[in-house]
Amino acid sequence: MKIIKQSLLIVMSLAVLISCKNYNSINTKELSLKKSYKDKFYIGTAINQRQIEDNNSLESSLISKEFNSITAENIMKSMFLHPKEDTFNFDLSDKYVAFGEKNNMFIHGHTLIWHSQLAPWFKLKKDSLEMAVAMESHIKTIIEKYKGRIHSWDVVNEALNEDGTLRKSVFLNTMGKEYLTLAFKWASEADPNLDLYYNDYNMTDLKKRQGAISMIKHIKEQGVKIDGVGMQGHWHIDTPSIEVIEQSILDYAALGVKIAITELDISVLPNPWGLVGAEISQRFENNKLMNPYPKTLPDSIQTKLADRYNDIFKLFLKHQDKISRVTFWGISDKQTWLNNFPIKGRTNYPLLFDRELKPKKAFYSLLELPKNN
Ligand code: G3I
């Protein structure tokens, strides 16, 4: 009886072991994300000013080892690149492009027309004509400056409200909805070989998706070129579901545009907006409930995150014919914007490398996936 019980236990443990995904036992010396996904889609990362300027750090070797595409996290936004109407500041963007070229990378531009981190002079434009002149010159000067060196641009960023209507930005207020079509027209005139993207968050939500779809259809109906949709991918450990992500990929692909996942990170922390009650973010600031892992991430959540990444990338590989690029929003958990958003000073763990730049279980969960998918 004892022997039967013991054998049963061994069989059960073996079954559990087999059903668990073992992500840790890979020798990464010869392997990298960019090599594994070489024939699938670009694997990108967003880089900040420090990473652009410091070419010799451990971090920059990690960037060039693992990634074959870059996006500038902040330095190419209009407040930095075009701070005054008659002044462009290309110092950092020159370094950014040089970094990409040195490492033979696909270089993405982020972003031309965005209401946030906006150069203040744009807000002084009073009417349609003034704004159109400013916008055309902004778009064309920047694109032409890096013609043939930057390969794709987020031409318009976050123009939609959550209900799918158009955001009341300074661009909409002065020019009406045709600013969208014109922005893409001017971008394609400046460089017809560029890939031009519309980029936004919550692109899996039904109403916003419908809004994005009608915007893209409208631009195409005017005979203007738009090449792709950027689904930012600021997602959570449980949401959105794989089914909803898949349906969104299918819906956008049906428009005949490419899909890029442009700002991927997966928050493991509670979302204050998901809770009921007013002023919730204030109330929970630095509260243990809202910042449950201030020191380390428990292994169970580490594994859950790895499984989530694994599921998401299986889906991306299933639709590799539709996906041009998958870009992570940062390198490591140390510098992620999610440590300060939507609550300041939390400890989040959304990326593939930890605070010491060591690969996490989530990294290993992706490394060999393309072999069988
Ligand atoms: O550089 C200053 C620093 O000197 C100062 O001490 C510190 C105090 O808070 O602020 C620093 O600037 C911050 C900057 O990031 C650099 O870290 C700004 O406050 C902060 O607002 C800014 O946030 C950026 C955010 O865009 C602004 O909207 C994030 O880094 C950047 O990751 C984020 O990126 C956006 C995409 O462009 C568009 N999609 C959403 C995505 C996440 O919000």
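About the criteria used
Residues numbered from 1 in each chain as written. Predicted model: local features only at pLDDT ≥ 70, side-chain atom pairs only at ≥ 80, totals over all residues. Heavy atoms only, no water. Helix = DSSP H or I, 4+ residues; strand = E, 2+ residues; numbered from the N terminus. Buried < 20%, exposed > 50% of the residue type's maximum accessible area, 1.4 Å probe, protein only. Areas by Shrake-Rupley, 256 points an atom, 1.4 Å probe, with all protein chains shown as cover. Near = heavy atom within 4 Å. Polar contact = N/O pair within 3.5 Å; in protein donor to acceptor, adjacent residues only side chain to side chain. pLDDT = per-residue confidence, 0-100. Contact = heavy atoms within 4.5 Å. Arc of directions from axis to C-beta. Pairing = 2+ DSSP bridges. Core = buried A, V, L, I, M, F, W, Y, C linked by side-chain atoms within 4.5 Å. Expected span 1.5 Å × (residues − 1).

**Things to note about the overall build of the protein**
Stage number 1. When you go through the protein residue by residue, the secondary structure sums to 15 helices and 9 strands.
Stage number 2. Residues counted as buried form 53% of the 373 residues belonging to the protein.
Stage number 3. Per element, the accessible surface of the protein, about 17400 Å² overall, is 55% carbon and sulfur.

**Regarding the site of the ligand**
Stage number 1. The environment of the ligand is made up of 14 residues, and the closest members are Glu-73, Lys-77, His-110, Glu-158 and Glu-263.
Stage number 2. One of the side-chain nitrogen or oxygen atoms of His-110 is found 2.7 Å away from an oxygen atom of the ligand.
Stage number 3. In the environment of the ligand, an oxygen atom lies 3.5 Å from a nitrogen or oxygen atom belonging to the side chain of Gln-117.
Stage number 4. Starting from 790 Å² of accessible surface for the ligand in isolation, the protein chains cover 47%.

**Looking at the confidence of the model for the protein**
Stage number 1. Per-residue pLDDT for the protein has a mean of 92; in total, 90% of the residues score no lower than 70.
Stage number 2. In the model, residues 8-20 has pLDDT below 50 throughout and makes 0 contacts with residues more than four positions away in sequence or in other chains.
Stage number 3. Note that residues 277-282 has pLDDT below 50 and, in this model, 5 contacts with residues that lie over four places away or in other chains.

**Comments concerning helix α4 (residues 58-66)**
Stage number 1. Looking only at α4, the buried set comprises Glu-59, Ser-60, Leu-62, Ile-63 and Glu-66. Looking straight down α4, one finds that the buried residues subtend no more than 155° of arc, so they occupy a single side.
Stage number 2. Looking at the buried residues of α4, the elements they touch are α2 (33-36), β1 (42-47), α3 (49-53), β2 (69-72), α6 (91-102) and α14 (361-367).

**Focus on the pairing of β2**
A regular strand places its side chains on the two faces of the sheet in alternate fashion.
Stage number 1. By the alternation rule, side chains of β2 split into Ser-69 and Thr-71 and Ile-70 and Ala-72, which are all buried.
Stage number 2. Taken together, the 3 bridges between β2 and strand β3 (residues 106-109) define a ladder with parallel strand orientation. Bridge pairing in β3 links Ser-69 to Phe-106.

**Considerations on the nonpolar core**
When a protein is soluble and globular, its nonpolar side chains tend to lie buried together.
Stage number 1. If you look at the biggest cluster of nonpolar residues, it comprises 106 residues, and the most contacted ones within it are Tyr-96, Met-135, Tyr-309, Phe-313, Phe-316 and Phe-328.
Stage number 2. The element that contributes the greatest number of residues to this core is helix α13 (residues 299-318), accounting for 9 residues.
Stage number 3. For Tyr-309, the residues in contact, after removing those within four places along its chain, are Leu-264, Asp-265, Ile-266, Phe-328, Pro-350, Leu-351, Leu-352, Ala-362, Ser-365 and Leu-366.

**With respect to helix α9 (residues 178-190)**
Stage number 1. Over its 13 residues, α9 runs 18 Å from end to end, which matches the ideal 18 Å to within 8%, given 1.5 Å per residue.
Stage number 2. Among the residues making up α9, those that are buried are Tyr-179, Leu-180, Thr-181, Ala-183, Phe-184, Trp-186, Ala-187, Ser-188 and Ala-190.
Stage number 3. For α9, the secondary structure elements touched by its buried residues are α7 (128-145), β4 (152-157), α8 (170-175), β5 (195-200) and α10 (206-221).

**Focus: the side chain of Lys-361**
Stage number 1. Here Lys-361 lies in helix α14.
Stage number 2. Residue Lys-361 is classed as buried on the basis of its relative accessible area of 17%.
Stage number 3. Looking at Lys-361, its side chain comes within polar contact range of the side chain of Asp-299, at 3.5 Å.

**Quick notes on unusual backbone geometry**
Stage number 1. Between Thr-239 and Pro-240 the backbone carries a cis peptide bond, its omega angle lying at -10°.
Stage number 2. Tracing the backbone shows Pro-240 in the loop between β7 (234-236) and α11 (242-253).
Stage number 3. Backbone torsion omega between Phe-341 and Pro-342 reads 0°, so that peptide bond is classified as cis.
Stage number 4. Topologically, Pro-342 is positioned in the loop between β9 (323-328) and α14.

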